[in-house]
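Analysis of the macromolecular model
For reference, the chains in residue letters:
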Amino acid sequence: MTMDFSGRLPHAFTTPGSSSFVEFLASHAPDLLPSARAAAAGSAPAAGHGAAGAQLAPHATTIVALTFGDPGSPGAGVVMAGDRRATMGSMIANREIEKVFPADEFSAVGIAGTAGIAVELVRLFQLELEHYEKIEGALLSLDGKANRLSTMIRANLGLAMQGLAVVPLFAGYDLDRGLGRIFSYDVTGGRYEERDHHSVGSGSVFARGSLKKRWHPGLDPADAVHVAVEALYDAADDDSATGGPDAVRQIWPVVVTVTAEGYRRVPDDELAAVAARIVAERTEAADGNRAARVRIARPTAGLAPEPPGLPADQPDPTDRNEGGDAR
């Protein structure tokens, strides 16, 4: 964008245009867009170098989201949760990264993929929604927000082809329908609405399995938070790139709820209580399984009773060693 040192705003700021902030940047300052990094980097790297270079950038995983409450009821909404670990190859790059952010008052976005580009994309998305609201004087619909995010992800395709992909998870409260909704994406910007629950990131396979078992219609917000944290716990149990609740360092997942009352981040003290309850339940289950294994290894039921013999303090004369002497 050409600088104007006369003290007046540049012509671009006073010309009527689109309500999209991203389109404004693309027209007047394209170098500020995250996708401009691909052009700045020059041509695409040679085969194999892109993947190797991508390993040097911190990556973020895992994000889960699930709906709760009955549609139209005051308690309906959506929960989104993300672990706090960022990895760089086989190393832990950061233990306290935040991966879930407010998109606006009634929606949330979680990031998975290259952390730096993902955070920049989220900030631009927040500006996009705020800019629309100021220009139009009204909130963008939830479908409109999902479509805007899809367009921004598509613009990042050049970096995704170099291994620097960003695959967010978007969820929010639909003011028109009175329910929580979840949207997933692919690296090309394809948008897919998910039913009931979803997860993205390297631990998503394990988190989805947990969500399928634990989610049920009509969850209240507290139970939904418990299910989300438990899904992250299951993902961390099998995926090294996902960090579970860390009671030693007091690091808890970022968990938010979005309802008709708006975006709310669950406080750490509530999450500490949820994590403690999950650990207690699993410890009790593990103790029961351990006791069952001991009973299987040393069966006693069904055996014939021991024959009567000498008192316990008397030696058995029939018990002899190889030399024939009584032991």
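Below is a short write-up of the structure. (Residues numbered from 1 in each chain as written. Predicted model: local features only at pLDDT ≥ 70, side-chain atom pairs only at ≥ 80, totals over all residues. Heavy atoms only, no water.)

**Looking at helix 8 (residues 204-214)**
Residues of helix 8 that are buried include every one of Ser204, Ala207, Ser210 and Leu211, and no others. Taken around the axis of helix 8, the buried residues stretch over an arc of 125 degrees, which confines them to a single face. Turned more than 90 degrees away from the buried face of helix 8, the exposed residues are Val205, Lys212 and Lys213. As for helix 8, its buried residues are in contact with strand 2 (63-68), strand 12 (197-200) and helix 9 (221-238). (Buried < 20%, exposed > 50% of the residue type's maximum accessible area, 1.4 Å probe, protein only. Helix = DSSP H or I, 4+ residues; strand = E, 2+ residues; numbered from the N terminus. Arc of directions from axis to C-beta. Contact = heavy atoms within 4.5 Å.)

**Here's the deal with the pairing of strand 10 (residues 179-185)**
Of all seven residues that make up strand 10, seven are buried, and the element is covered over most of its length. In strand 10, alternate side chains face the same way, and those of Leu179, Arg181, Phe183 and Tyr185 on one face and Gly180, Ile182 and Ser184 on the other are all buried. Judged from the six bridges that link them, strand 9 (residues 169-174) and strand 10 form a sheet pairing that is antiparallel. In the strand pairing of strand 10, Phe170 is matched with Phe183. Hairpin connection of strand 9 to strand 10: four residues between the antiparallel strands, including Gly178 at a positive phi of 70 degrees. Two strands pair when backbone bridges link them, and strand 10 and strand 11 (residues 191-194) are joined in this way by four bridges, in the antiparallel orientation. By the bridge assignment, Ser184 is partnered in strand 11 with Tyr192. Hairpin connection of strand 10 to strand 11: five residues between the antiparallel strands, including Gly189 at a positive phi of 95 degrees. (Pairing = 2+ DSSP bridges.)

**Quick look at the packing of aromatic side chains**
A complete count under the given rule lists two aromatic pairs for this structure. Aromatic side chains Phe125 and Phe170 sit 5.8 Å apart centroid to centroid with 80 degrees between the ring planes, which places their arrangement in the edge-to-face category. Residue Phe125 is located in helix 5 (residues 115-136), and its partner Phe170 is located in strand 9; the two are separated by 45 residues in the primary sequence. Here Phe125 matches Phe170 in class, with each residue buried. Members of the aromatic cluster, joined through ring pairs, are Phe125, Phe170 and Phe183. (Phe/Tyr/Trp six-rings, centres within 6.5 Å; stacked < 30°, edge-to-face > 60°.)

Honestly, that's just the spatial picture; any functional story needs more than this.
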